[in-house]
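Fold and contact review
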Amino acid sequence: MSLIRLIAASDDFLLEERLAAEVSSVCRELGGVEPEVVSDEATPESVAMELVSPSLFAAQRVLVVTDAREWLAAAAPPGIKAAKAAAPDIQPLVHVLGEGLPDGMALVMGAWCGRKPTGELVEAIEKAGTFDWIPLPPPPKPWEDAVLSSEQREVLEAVLVKAANDVTFSPGATRLLLERLGFAPRLLVQEVGKLAGAAGDGQVDEALVRQLTFPRERSVEVVRDAVLTRELEPLLDLVAAADSGAPINDWQGQRLDAGGFGAILFGLVTNLLLQMLYLRRAAAAADLEAEMEPKQTGRGGWYSRRFKNGIAPGLVARCKDDAPSPLLRPGGKPPTPFSLGALFSGAGRYTDAELTTALAEASKVETRIRQEPFPLEALTVWLSGFIGAGPR
C-alpha cells in the first residue's frame, strides 16, 4: 500500500475528517508511530528535506501537511482569499516523490480547494501514491434542487451514520437532510446530533426532520408544497407573518431579510408556475394529459409504479432537447425524477388557462414589488386568485 497520500476536498469539515482517518491508517501501518504535523511555515523544499533525512530517534515517520493548497494548481474555496505571494517552488518535492520515499517514511497531505486540484505536484503524487478528491455541490439556488453524485451521497451518508451513532434515520429523513444540508457537512452533523437526541432509541423519520430542522411554519419551504398542492393557507400565513415582522427562515434555517421577502416569494411562485405550464404542454405533446389528472397521481404507489421509470425518463429527455427551458437552465441539470414527479402532479391540479392568467397577472405584482418594500395586498390577491381555497 502506498505511503504517499493526498486528500483534497471542497469542504473543510470533510477534509478534517478524511485527513484524520488517513493519518491514523498510515500510522497504524507503520506500527503505531505518532504523526508529525509540519508547521504552517513549511515549504515544499523543507518537506522534501525531511523526507530524505533519516531520524536518529525514530526509524519510521509520518509527515502530515494539513493544507497544501498553495502548493497545487487549485482554486481557493468560496470566501477564502487566494494568497498573493509568489507560488512556492515545488520541484524539490516533486523530485523526491519521483525518486521514491525511504523505507519507513510516509507523507500525508491535505488540501481545501474550490475545485479539483491539478498540476505537476498532483501528477507526481498520483504516480507515487494516491490522490482522492472529495467534492460537494454548491448551495442550491431557490429554483434548483441540490444534486448529489453517487460518490458525494456515499460520503455524506457515511457522515450522517457516524453522527447518528445507533439511531436509525429513515430513507425519507436521510434524503431530505442530504438535499438540504449536503453542501454543509458541518451543519449536517450538528442537525443529525440534535435529531438523534430527540429520537432517543427510536427512528428519525421525515416528519421529525421537518419539525425540528426545517420548521414548515415561517419558512419558505412551505412555498413549493403549497403551490403544488393548491393549499392557500400556508402561503397567506407566510405573507401575514412577514408583514407583521415575524422572522421568516430560508431553506437552511437562516433568517431572511424582511425587505427582500416579497421578491423572493414572487420569484419562487412565478418559477413554479412556469415549470408547471411547461410540464402541461410537454404532457399534452406526449399524450399524457390523462396521466396528469389528480385521480391518477393521487393513487397509492403512482410514483414508483407509473412515474419513476415509465414517465420520468421521457420527460427528462424532452427537458434536455428543449433546453434552456423553465426546467433546465443553461449549464444546469434536469430535475431528479422525485422532484419532477411532484411538479408533474402539481401541474395536474391546474389548467393551462389558470397558469397563463396567473403569469399575466404577475407583471402587476412585480411592478408593485419595485414600488413597495412589501406589497402585502398585491401578493395576497394574486396568490388567492389562482390557488383558490384548496386543491382540485
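Scroll up to find the structure this text is about.
Note that the structure is predicted; figures quoted are calculated from it, not measured.

**With respect to the pattern of salt bridges**
Applying the stated criterion across every chain, the model contains 18 salt bridges. For Asp352, the salt bridge goes to Arg281, with nearest N and O atoms at 3.2 Å. Linking Asp352 in helix α15 (residues 352-371) with Arg281 in helix α11 (residues 261-285), this pair joins segments that are 71 residues apart in sequence. Among the ionic pairs, Arg318 bridges to Asp322, the shortest N-O distance being 3.4 Å. Remark: Asp322 and Arg318 occur in helix α13 (residues 302-322); sequence separation between them is four residues, near one turn of the helix. Residue class for Asp322 comes out partly exposed when judged on its relative accessible area of 31%. Among the charged side chains, a salt-bridge network with shared partners connects Arg5, Arg18, Glu22, Glu29 and Asp132.

**Regarding a negative patch on the surface**
A cluster of acidic residues, Asp40, Glu41, Asp67 and Glu70, forms a negative patch on the protein surface. If you trace the backbone, Asp67 turns up in the loop between β3 (61-65) and α3 (91-99).

**Brief notes about the pairing of β3**
Within β3, five of the five residues are buried, leaving the element largely enclosed by the surrounding structure. Side chains of β3 alternate between two faces, with Arg61, Leu63 and Val65 and Val62 and Val64 buried alike. Where strand β2 (residues 35-37) meets β3, three bridges bridge the pair, whose relative direction is parallel. The partner of Val37 across the bridge, within β3, is Val64. One ladder, built from five bridges, connects β3 with strand β4 (residues 105-112); its direction is parallel. In the strand pairing of β4, Val64 is matched with Val108.

What counts, and where the lines are drawn
- The residue numbering used here restarts from 1 in each chain and proceeds along that chain's sequence as written.
- Two thresholds apply to this predicted model, a pLDDT of at least 70 for residue-level local features and 80 or more for giving and counting side-chain atom pairs, whereas whole-chain, interface and lining totals are computed over all residues.
- Excluded from the side-chain calculations are hydrogens and water; all other atoms, namely the structure's heavy atoms, are used.
- By convention in these notes, a salt bridge is any Lys or Arg side-chain nitrogen within 4 Å of a carboxyl oxygen on Asp or Glu.
- Secondary structure follows DSSP: runs of H or I at least 4 residues long count as helices, runs of E at least 2 residues long count as strands, and numbering of each begins at the N terminus.
- Partly exposed describes any residue whose relative accessible area lies between the buried limit of under 20% and the exposed limit of over 50%, with all areas from a 1.4 Å probe on protein chains only and scaled to the type maximum.
- Here, patches come from residues exposed beyond 30% relative accessible area and free of salt bridges, joined within 9 Å for like charges and within 5 Å for nonpolar side chains (Val, Leu, Ile, Met, Phe, Trp, Tyr).
- Throughout, the Shrake-Rupley method with a 1.4 Å probe supplies accessible areas, and for residues the shown protein chains are the sole cover considered.
- We treat Lys and Arg as the positive residues and Asp and Glu as the negative residues; His and chain ends play no part in the count.
- Positions of charges follow a simple convention, taking NZ of Lys, CZ of Arg, CG of Asp or CD of Glu.
- In this description, strands pair whenever DSSP reports at least two bridges between them.

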